[in-house]
Amino acid sequence: MNANLRRNWLLQGIVSLGECGLFFVAVLGALPKSLRYWRETCRQVWFVGAMSLVIVMTCGLFVGMVLALQLYYTLSIFGGTAALGTVVALSLFRELGPVVTALLVAGRAGTAVTAEIGLMRATDQLDAMGMMAVDPLAYVASPRFLAGVIAMPLLACVFNAMGIFGGHLVGVTWLGLDNGTFWGNMTSTVSLQRDIIDGLYKSIVFGGVVSLIAVFQGYTAPPTSEGVAYSTTRTVVFSSIVILAFDFVMTAFMT
Amino acid sequence: MNPRPSYAIGTGLFILLGFAALAYLATQTTSVANGIASGNSYTLKARFQNIGQLKARAPVKIAGVRIGDVQSIQLEPQRMDALVTMSIDKQYNDIPDDSSAAIFTSGLLGDQYVGLEPGGSPTFLKDGDELVLTQSAMSIENLIGKFLVNGGPKSGSSDSTPASSAPPPSGKP
């Protein structure tokens, strides 16, 4: 019984992984058709991106501030506080900006997308669209996927900028580090291509992954209130795991 | 046609904000930023044989007080020395023209800065002037090298005197 259940679990996991892959291909295939519904894409960018600005900016500010505070303490052991700006900027651009933004968006927007599509499925709205010759993949799934890919790098940029501002606030204004040293060491070390653009690649991939998982979980949610609730939870769990795993893999490839 | 949806303006503003943040990061926090000059300042020049680890935007100080920063560092191809351009705050416009510039290190391994030693001349440096008296960065490698060449055999011959192991008297300028 127990072994049977476990094999079922494993099988279930592999099956849903395959379904997710097929769904990804289907969403990609529906992308050209979904360009006709660009207003819907625009509305989703507004929902995923603009509505997440407050949480992303607040978190970016505090992440930058705590980063500066912690690193100042650590660097002062080695007498290297002059490198504070460099370390804050590099850890934000390369790592924390893309990852934390993706986690925040998964929690803030991914859950909403899953619940919305899950309820559409439960109330047969998706089937109704099919009856009206509106492809639900092109009208519901692809715009949300595309919106995630567009919004995530922009949100990561905002997060990074707020983080730098927070780090500057703590390092220079509060702890009294020299302003020129802070910026000068940062600008002489941070490279546009290697650090900022690579971070953007990461967040584009994360945007695709998060919105794919959210849309897929909504699309395949069992049409019950319990099913939608579980799917919403799974969106956050799977998104977090996949973001962190992809982050490791992409970092290993990029450096 | 139908009125423009209200979220369109939100989307547009969000995309603008995102690209503004990207532009800010790209121009202000990377090496692109070093080319931009500041407003309320004047420039001085100084030539150094060796600038060590001095970087653009490093501080310029008199008596330990910051008065400006290093704008750019270039190699002069004819003379094979480093031309350091500094932008000095306008309020410090009475630096004597026989002042000397040297490159110091804050702390043993800290970042390097340009220190100006004021002279006694009644005339002051103007915008674009050059500091003639300069002293290069002190390199720890050179000091160790000198110590190994000069101090090594000496300390070997008279091992009992601990004072002989002091580095050559070229310590602090």
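Rules of the game
Here the residue numbering is sequential within each chain, running from 1 through the sequence in written order. Chains carry letters and ligands carry numbers; both start at the beginning, A for chains and 1 for ligands, and go up in the order they are written. A pLDDT threshold of at least 70 governs which residues receive local features in this predicted model, and a stricter bar of 80 or more applies before side-chain atom pairs are shown or counted, although totals over entire chains, interfaces and linings include all residues. Side-chain calculation: all heavy atoms of the structure are included, whereas hydrogens and water are not. Pairs were defined over the aromatic rings of Phe, Tyr and Trp, the Trp ring being its six-membered one, requiring ring centres within 6.5 Å. Orientation was assigned from the angle between planes: stacked under 30 degrees, edge-to-face over 60, tilted for the rest. Note on conventions: DSSP H or I runs of at least 4 residues are helices, E runs of at least 2 residues are strands, and numbering of each starts at the N terminus. Residue exposure (1.4 Å probe, protein chains only): buried if accessible area is under 20% of the type maximum, exposed if over 50%, otherwise partly exposed. Whether a charge sits over a ring depends on NZ of Lys or CZ of Arg being within 6 Å of the ring centre and within 35 degrees of the ring normal. Pairs of residues are marked as contacts when any of their non-hydrogen atoms sit within 4.5 Å. As a working definition, buried area equals the accessible area (1.4 Å probe) given up by two parts on being put together, with both sides summed. We count a salt bridge whenever a side-chain nitrogen from Lys or Arg sits within 4 Å of a carboxyl oxygen from Asp or Glu. Residues adjacent in sequence count toward polar contacts only when both atoms are side-chain atoms; beyond that, a polar contact is any pair of N or O atoms within 3.5 Å, and within protein one must be able to donate a hydrogen and the other to accept it. Residue classes follow a fixed rule: Ala, Val, Leu, Ile, Met, Phe, Trp, Tyr, Cys and Pro count as nonpolar, while Asp, Glu, Lys and Arg count as charged, and any other residue, Gly among them, counts as polar. One bridge is not enough; two strands pair if DSSP finds at least two bridges between them. For cavity detection a 1 Å grid was placed over the protein atoms alone, and a set of points counts as a cavity when a 1.4 Å probe fits there but cannot get out; an open set counts as a pocket when protein lies on both sides within 12 Å along at least five of seven lines, with lining residues being those that have an atom within 4 Å of a point. Grid points are joined across faces, edges and corners, and a volume is the space filled by probe spheres set on the points.

Now for the packing of aromatic side chains. Throughout the structure, instances matching the rule amount to six aromatic pairs over all chains. With 4.9 Å between their ring centres and 90 degrees between their planes, A:Tyr37 and A:Tyr139 make a pair best called edge-to-face. Of the two residues, A:Tyr37 is situated in the loop between α1 (2–34) and α2 (38–48) and A:Tyr139 in helix α6 (residues 136–174); the sequence distance between them amounts to 102 residues. Measuring from ring centre to ring centre gives 5.5 Å for A:Phe182 and A:Trp183, while their planes differ by 85 degrees; the resulting arrangement is edge-to-face. Owing to a relative accessible area of 0%, A:Phe182 belongs among the buried residues under this scheme. An aromatic cluster is defined as three or more aromatic residues linked by ring pairs; in this entry it consists of A:Phe23, A:Phe216 and A:Tyr219. Here the guanidinium or amino end of A:Arg121 rests over the ring plane of A:Tyr219, the centre of that ring lying 5.2 Å away. For B:Lys61, the ring lying beneath its charged end belongs to B:Tyr113, and the centroid distance is 4.5 Å.

Moving on, we get to the interface of chain A and chain B. Interfaces are often sized by the amount of accessible area the parts lose when they come together. Taken together, the contact between chain A and chain B spans 32 residues of the former and 27 residues of the latter. Taken together, the two surfaces of chain A and chain B that pack against each other cover about 2,500 Å², and 74% of this comes from carbon and sulfur. Taken together, chain A and chain B are joined by one salt bridge. Across the salt bridge formed by B:Arg66 and A:Asp178, the nearest N and O atoms sit 2.7 Å from each other. Along the contact surface separating chain A from chain B lie two residue pairs in polar contact (both at pLDDT 80 or more). Here the residues of the side of chain A that touches chain B sort into 20 nonpolar, nine polar and three charged.

Attention now goes to the side chain of B:Thr85. Residues and elements named next belong to chain B. When you line up the elements, threonine 85 lands in strand β4 (residues 81–89). Since its relative accessible area comes to 11%, threonine 85 is described here as buried. Not counting the four nearest positions on each side in its chain, threonine 85 is found in contact with Thr43, Leu44, Lys45, Val70, Gln71 and Ser72.

Time to look at the environment of B:Ala21. Note on placement: B:Ala21 falls in helix α1 (residues 6–28). Excluding its chain neighbours within four sequence positions, the residues that come into contact with B:Ala21 are A:Cys157, A:Val158 and A:Ala161.

Residues and elements named next belong to chain B. Within strand β1 (residues 41–48), six of the eight residues are buried, which leaves it mostly tucked inside the rest of the structure. Inspection of the sheet shows β1 paired to β4 by eight bridges, in the antiparallel sense. Paired with arginine 47 across the bridge in β4 is leucine 83. Inspection of the sheet shows β1 paired to strand β7 (residues 130–131) by two bridges, in the parallel sense. The partner of alanine 46 across the bridge, within β7, is leucine 131.

Turning next to the sheet that holds strand β6 (residues 112–117) of chain B. Residues and elements named next belong to chain B. Taken together, the eight strands give an open sheet; going across it, the order is β7-β1-β4-β3-β2-β6-β5-β8, and neighbouring strands pair in mixed fashion. Each having just a single partner strand, β7 and β8 (133–135) make up the two edges of the open sheet. Bridge analysis of strand β3 (residues 65–76) against β4 gives eight bridges, and the strand direction is antiparallel. Opposite glutamate 76, over in β4, you have aspartate 81 as the bridge partner.

A separate point is the layout of surface pockets. Residues and elements named next belong to chain A. Here the second largest pocket is characterised by a volume of approximately 880 Å³. Gly13, Ser16, Leu17, Gln217 and Phe238 are, among the 26 residues lining the second largest pocket, the residues nearest its centre. Sorting the residues of the lining of the second largest pocket by element identifies α1, α8 (192–219) and α9 (225–254) as the ones contributing at least two each. Here the element with the most residues in the lining of the second largest pocket is α1; it accounts for twelve residues. Among the residues making up the lining of the second largest pocket, the classes are represented as 16 nonpolar, eight polar and two charged.

Shape is all these values report; function is a separate question.
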